[in-house]
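Topology and contacts: notes
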Amino acid sequence: MLNAQSILKFQNWSLMAISFCIPLVPRLVPVLLFIFAALSITALIKGYRRVEITEVGILLIGLYVLQVIGMLFTENVDRGLFDLEVKLSLLALPISFIGYGYLNKEHYEKILRAFLIGISLAAVFCLFQSAYKVFVLNAKYFYFLSSRFSVIIHQSYFAMYLVFGIAILTYLEWPVFRRNSPLRTFASISLMLFLSISTILTGSKIGFIMWVIVMVAITVFLIKELKQKWMPVVMLMGFMSVGLAYIQSTPELKSRILKVIRLTDGQLKEDATGNIESTAARLLVYKTVGEVLIDQPWYGVGTGDFQDALDAAYDEKGYTNLKERHLNAHNQFLQSWLGLGLSLIHI
């Protein structure tokens with residue numbers, strides 16, 4: 001017999017399992033979320049909880065309702081229906097939490113720790129599968145890089161999760177340097193270094209930028225916290241040295257980072273096949289999106305017509321390569337703004 005306390009306990013375990021599986025076994029997340037939602041509904045039916053929706057939940061539901069309204073003036077119905085299907089999580093997540101109780105700090109930290117364990121195991125798995133291919137199957141060294149390294153999820157998302165793991169580790173082990181527990185300090189810094197190297201191995205440019213920002217922020221806060229100001233500075237210099245040394249010794253990573261830096265001169269170069277480098281293409285996309293936003297109606301172009309509007313703008317500007325690849329806004333806020341117009345700003 002499920003009572004209120006046991007349901008809440010199972011819900012907390014479900015959240016920990018979801019957090020653990022997001023970076024490691026993402027295919028299990030929908031199943032676990034369904035279990036969590038079933039427990040929430042059970043709590044409501046039995047009268048253990050009353051319906052509660054947080055402000056964030058209301059915003060997510062409101063955004064999805066706007067997407068549905070946007071179907072009323074969209075021409076590309078098939079794309080619009082597909083977009084609604086992709087964004088069902090905006091509706092599913094807040095509804096799943098309507099019968100969930102209070103999350104205290106202890107449970108909150110357990111959920112964060114579960115994610116940290118999951119992302120650490122995911123990084124270990126990626127490293128071992130790359131090592132197996134290189135050292136056993138005699139594959140090329142670049143199987144330690146990019147999508148060949150990040151085999152569980154897309155490299156950019158994996159890099160984001162790794163950086164998030166570093167932030168969680170810092171939060172849970174703050175202030176990291178513990179004078180009364182040197183072994184714990186060593187373990188924390190070692191794990192942070194491992195997650196940092198894994199972030200670089202993904203080859204994600206935005207991941208590398210996020211990693212630099214997070215590491216600098218951690219160093220600044222540690223300098224304020226600790227009496228020995230030199231310790232976090234030395235740690236940052238050590239991490240950066242290891243990262244830059246690896247990038248310098250790896251042609252593919254060095255090339256990707258240099259491309260980001262060289263874009264500051266405003267020159268967009270194409271390769272032998274006429275393809276524009278990904279970061280350069282993304283800057284062109286952002287520029288085009290901005291121009292379309294200025295010219296579109298205040299209510300947007302419709303849930304399913306955002307890509308058609310972009311393709312038409314690419315064609316007008318002569319961006320043939322971007323049109324052929326049907327590049328979207330690569331930014332959920334901008335893409336929703338295209339479809340929903342100023343109504344999105346109110347949300």
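Bear in mind that the values here come from a model prediction, so they are computed numbers and not experimental data.

Bringing the overall build of the protein chain into the picture now. Secondary structure summary: the protein chain contains 17 helices and zero strands in total. Residues counted as buried form 41% of the 347 residues belonging to the protein chain. For the protein chain, the exposed area adds up to about 19,500 Å²; of that, 67% sits on carbon and sulfur atoms.

Turning our eyes to something else, we now look at the pattern of salt bridges. One pass over the structure, following the stated rule, counts six salt bridges. A salt bridge links D315 to K323; the nearest nitrogen and oxygen atoms lie 3.6 Å apart. With relative accessibility at 33%, the residue K323 sits in the partly exposed group.

The geometry of helix α6 (residues 105-136) relative to helix α8 (residues 155-172) is characterised by a closest axis approach of 9 Å and an angle of 135° between their N-to-C directions. Here α6 is positioned oblique relative to α8, judged by the angle of their axes. Where α6 crosses over α8, the two elements pack in a sense that is left-handed. For the pair α6 and α8, the contacting residues are K105, Y108, E109, L112, R113, F115, L116, I119, A122, A123 and C126 in the first and F158, Y161, L162, F164, G165, I168, L169, Y171 and L172 in the second. Tallied by class, the residues present in the contact of α6 with α8 amount to 16 nonpolar, one polar and three charged.

Two quantities define a packed helix pair, namely the angle between the helix axes and the distance between the axes. Between helix α3 (residues 55-70) and helix α5 (residues 89-96), the shortest axis-to-axis distance is 8 Å and the interhelical angle comes to 150°. It follows from the interaxial angle that α3 and α5 lie roughly antiparallel. Read as a crossing pair, α3 and α5 show a hand that is left-handed. Within the contact between the two elements, α3 uses G57, L60, I61, L63 and Y64 and α5 uses L90, L91 and P94.

Moving on, we come to the confidence of the model for the protein chain. For the protein chain, the mean per-residue pLDDT works out to 85, and 89% of the residues sit at or above 70. Every residue in residues 264-268 scores below 50 in pLDDT, and together they form three contacts with partners more than four places removed in sequence or on other chains.

Quick look at the nonpolar core now. Core analysis: the largest hydrophobic core is formed by 35 residues, its most contacted members being F158, M192, W211, M215 and M235. Secondary structure elements with two or more residues in this core: α6, α8, α9 (182-201), α10 (205-225) and α11 (230-249). Ignoring any residue separated from it by four or fewer positions in sequence, one finds F158 in contact with I119, A122, A123, C126, F149, S150, I153 and T202.

This part is about the side chain of Q296. Along the chain, Q296 falls in the loop between α13 (278-295) and α14 (306-317). Since its relative accessible area comes to 11%, Q296 is described here as buried. Reaching out from Q296, the side chain makes a polar contact with the backbone oxygen of W337 at a distance of 3.2 Å. Contacts of Q296, omitting those with residues within four sequence positions, involve V301, W337, L338 and G341.

Let us look at α14. If you check α14, its first and last C-alpha atoms are 17 Å apart, about what 12 residues at 1.5 Å a residue would give, namely 16 Å. Listed in full, the buried residues belonging to α14 are F306, Q307, L310, D311, A313 and Y314. An end-on view of α14 places all buried positions within 160° of arc, on one side of the element. Backbone geometry just after α14 places G318 at a positive phi near 80°.

Turning to its location among the elements, T288 is positioned in helix α13. At a separation of 2.9 Å, a polar atom in the side chain of T288 contacts the main-chain carbonyl oxygen of L284. The contact partners of T288, leaving out residues within four places of it in the chain, are L310, A313, Y314, K317 and Y319.

So, on to the packing of aromatic side chains. A full pass over the atoms with the stated rule returns 14 aromatic pairs. Ring centres of Y108 and Y171 lie 6.4 Å apart, and the angle between their planes is 75°; on these two criteria the pair is classed as edge-to-face. Separated by 63 residues along the polypeptide, Y108 in helix α6 and Y171 in helix α8 bring together distant segments of the chain. On the basis of relative accessibility, which here comes to 39%, the residue Y108 falls in the partly exposed class.

What counts and what doesn't
Residues numbered from 1 in each chain as written. Predicted model: local features only at pLDDT ≥ 70, side-chain atom pairs only at ≥ 80, totals over all residues. Heavy atoms only, no water. Helix = DSSP H or I, 4+ residues; strand = E, 2+ residues; numbered from the N terminus. Buried < 20%, exposed > 50% of the residue type's maximum accessible area, 1.4 Å probe, protein only. Areas by Shrake-Rupley, 256 points an atom, 1.4 Å probe, with all protein chains shown as cover. Salt bridge = Lys/Arg side-chain N within 4 Å of Asp/Glu carboxyl O. Axes fitted to C-alpha atoms, helices over the stretch in contact; angles between N-to-C directions. Parallel < 35°, antiparallel > 145°, perpendicular 65-115°, else oblique. Left-handed = near helix turned anticlockwise from the far one by under 90°. Contact = heavy atoms within 4.5 Å. Nonpolar A, V, L, I, M, F, W, Y, C, P; charged D, E, K, R; others polar. pLDDT = per-residue confidence, 0-100. Core = buried A, V, L, I, M, F, W, Y, C linked by side-chain atoms within 4.5 Å. Polar contact = N/O pair within 3.5 Å; in protein donor to acceptor, adjacent residues only side chain to side chain. Expected span 1.5 Å × (residues − 1). Arc of directions from axis to C-beta. Phe/Tyr/Trp six-rings, centres within 6.5 Å; stacked < 30°, edge-to-face > 60°.

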